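# Remarks on the overall topology
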Amino acid sequence: MMTKHLFNYCAIPWYEEELQKQGLTLNDYVQRLGVDGIEQFVYTLQEPKPSYKELTWGTHMNYWPYWMDFWTKKAKRLRQQFRNIHERTTYFKEARSCDEWLSVIRLNIGAALTQTPDYLVFHVAEADNTTAFTYDFQYNDKEVLTEAANVFNAIADEIPSDVLVLFENLWWPGLRLTDVRKVKYFFEHIERKNVGIMLDTGHLMNTNTRLRTEEEGADYICRTVEKLGSYADLIKGVHLNCSLSGKYQTTFERKAPEQDSPELIWKHIVSIDQHKPFTTRAAKQILDCVQPDYVTHELAYDTMEEMAEKVAVQLELCR
């Protein structure tokens, strides 16, 4: 199939109001950029409003960066992470038990399916607010991969067999893609066909703090993909973005902040995971190497105009 080019979008009021003020529709942006549609982030438990099913090729599911202690019933650790039970239940969308959390995930899948996507994207990673700063992680890759497979297997029957499921790599413990043995281990534990990998280029670049240029990043990504051997064939989609955060990762203080406000955590995360557009032909080098079916230009943007400018720059370099 011909590669589909998409951009990331979530129907939050900020963007929706901007579209209304401009007198434009999301389809106008799709047409202007010459892309095939969108990958829609669906974090709700009900059908997104407005619905963009006619533009949506893929949906990115809601995710919880921190979930392993809840799933494995580590009560003491949970008490350390949340100030009270209300804060915890709010984080897990009112789920108070593992079974209730699985029900929440099922509702999120149902909401995503209303957009008639070709594929769904699931994150496979774990990090709490403290270890995101200290890098002294509570769980290793294999532990996260094991439990992520268990969670997915428990809800997989909610997804129609003709909908592709793509698991996304991150730089936290989980599916990093830097070790083919762990990739093999994870997919051997997934009890479903029609699955694959969503390769996030920026996330993979975040696993190598020595990278300083886009060319170095592209070379690293291509070498990593080649080392996956036959498992590279599982890469059906690419979240295309650039993240050269090695200098930040090697210089920030590996110490949990005294006040871990959402703003401080967000500033830290985006300093690592930059989601910038590629500005060189390194973008095409990556796509030539991977040859994905779907490319989502997954970039950080505050306004729709900023999104359009950034996507246009990166899209041109993919031709």
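So, a few notes on the structure that sits alongside this text. Note that this is a predicted model, so its numbers are computed, not measured.

### Points about the side chain of Asn-108
Structurally, Asn-108 is set in helix α6 (residues 98-113). Among all residues touching Asn-108, those that are not within four sequence positions of it are Val-42, Tyr-43, Thr-44, Leu-45, Met-61 and Asn-62.

### Focus: the pairing of strand β5 (residues 164-168)
Counting buried residues in β5 gives five out of five residues, a clear majority hidden from the surface. Neither face of β5 is left uncovered, since the one carrying Leu-164, Leu-166 and Glu-168 and the one carrying Val-165 and Phe-167 both have all their residues buried. As defined by bridge partners, strand β4 (residues 119-123) adjoins β5 across five bridges and the pair is classed as parallel. Paired with Leu-120 across the two strands is Val-165, which belongs to β5. With four bridges connecting them, β5 and strand β6 (residues 195-200) associate as parallel partners.

### Looking at the sheet that holds strand β3 (residues 56-61)
What the eight strands build is a closed barrel, ordered β1-β2-β3-β4-β5-β6-β7-β8; its pairing is parallel. Ignoring strand direction, the axes of neighbouring strands in this sheet form an average angle of 30°. Those strands touched by helix α15 (residues 304-318) are β1 (4-9) and β8 (294-297), and its axis lies near 155° from that of β1.

### Brief notes about helix α13 (residues 262-272)
All buried positions along α13 are accounted for by Ile-265, His-268, Ile-269 and Ile-272. The arc enclosing the buried residues of α13, seen along the axis, measures out at 95°, which places them on a common side. Seen from the buried face of α13, the exposed residues on the opposite side, beyond 90 degrees, are Glu-263, Trp-266 and Lys-267. Looking at the buried positions of α13, the neighbouring elements they touch are α7 (131-134) and α12 (246-251).

### A word on unusual backbone geometry
Cis geometry marks the peptide bond from Lys-49 to Pro-50, where omega comes out at -5°. The backbone of Lys-93 shows a phi angle near 55°, a positive value even though the residue is not glycine. Given a relative accessible area of 26%, Lys-93 falls into the partly exposed group. Even without a glycine there, the phi angle at Leu-177 is positive, about 75°. Of note, Leu-177 is situated in the loop between β5 and α9 (180-188). Overall, Leu-177 belongs to the buried group, its relative accessible area being 4%.

### A few points about helix α11 (residues 214-227)
Compared with the 20 Å implied by 1.5 Å per residue over 14 residues, the 20 Å span of α11 between its first and last C-alpha is a close match. Residues Glu-214, Gly-217, Ala-218, Tyr-220, Ile-221, Cys-222, Thr-224 and Val-225 constitute the buried set of α11. On the buried face of α11, the contacting elements are β6, α10 (201-205), β7 (235-239) and α14 (282-290). Two residues or fewer after α11 comes Gly-229, characterised by a positive phi angle close to 60°.

### As for the side chain of Gln-249
Tracing the backbone through its elements, the reader meets Gln-249 in helix α12. Classification of Gln-249 as buried rests on a relative accessible area of 3%. Side-chain polar atoms of Gln-249 contact the side chain of Tyr-135, separated by 2.8 Å.

### Observations regarding the pairing of β7
The side chains of a regular strand alternate, residue by residue, between the two faces of the sheet. Most of β7 is tucked away: four of the five residues are buried. Here β6 runs beside β7; their pairing, made up of four bridges, is parallel. The residue bridging Leu-199 from the neighbouring strand is Val-238, located in β7. In the sheet, β7 pairs with β8 via three bridges, with the strands oriented parallel. Across the sheet, the residue bridging to Val-238 is Val-295, located in β8.

Calculation rules
- Residues numbered from 1 in each chain as written.
- Predicted model: local features only at pLDDT ≥ 70, side-chain atom pairs only at ≥ 80, totals over all residues.
- Heavy atoms only, no water.
- Helix = DSSP H or I, 4+ residues; strand = E, 2+ residues; numbered from the N terminus.
- Contact = heavy atoms within 4.5 Å.
- Buried < 20%, exposed > 50% of the residue type's maximum accessible area, 1.4 Å probe, protein only.
- Pairing = 2+ DSSP bridges.
- Axes fitted to C-alpha atoms, helices over the stretch in contact; angles between N-to-C directions.
- Arc of directions from axis to C-beta.
- Expected span 1.5 Å × (residues − 1).
- Polar contact = N/O pair within 3.5 Å; in protein donor to acceptor, adjacent residues only side chain to side chain.

Everything listed is a geometric property; what it means functionally is a separate question.
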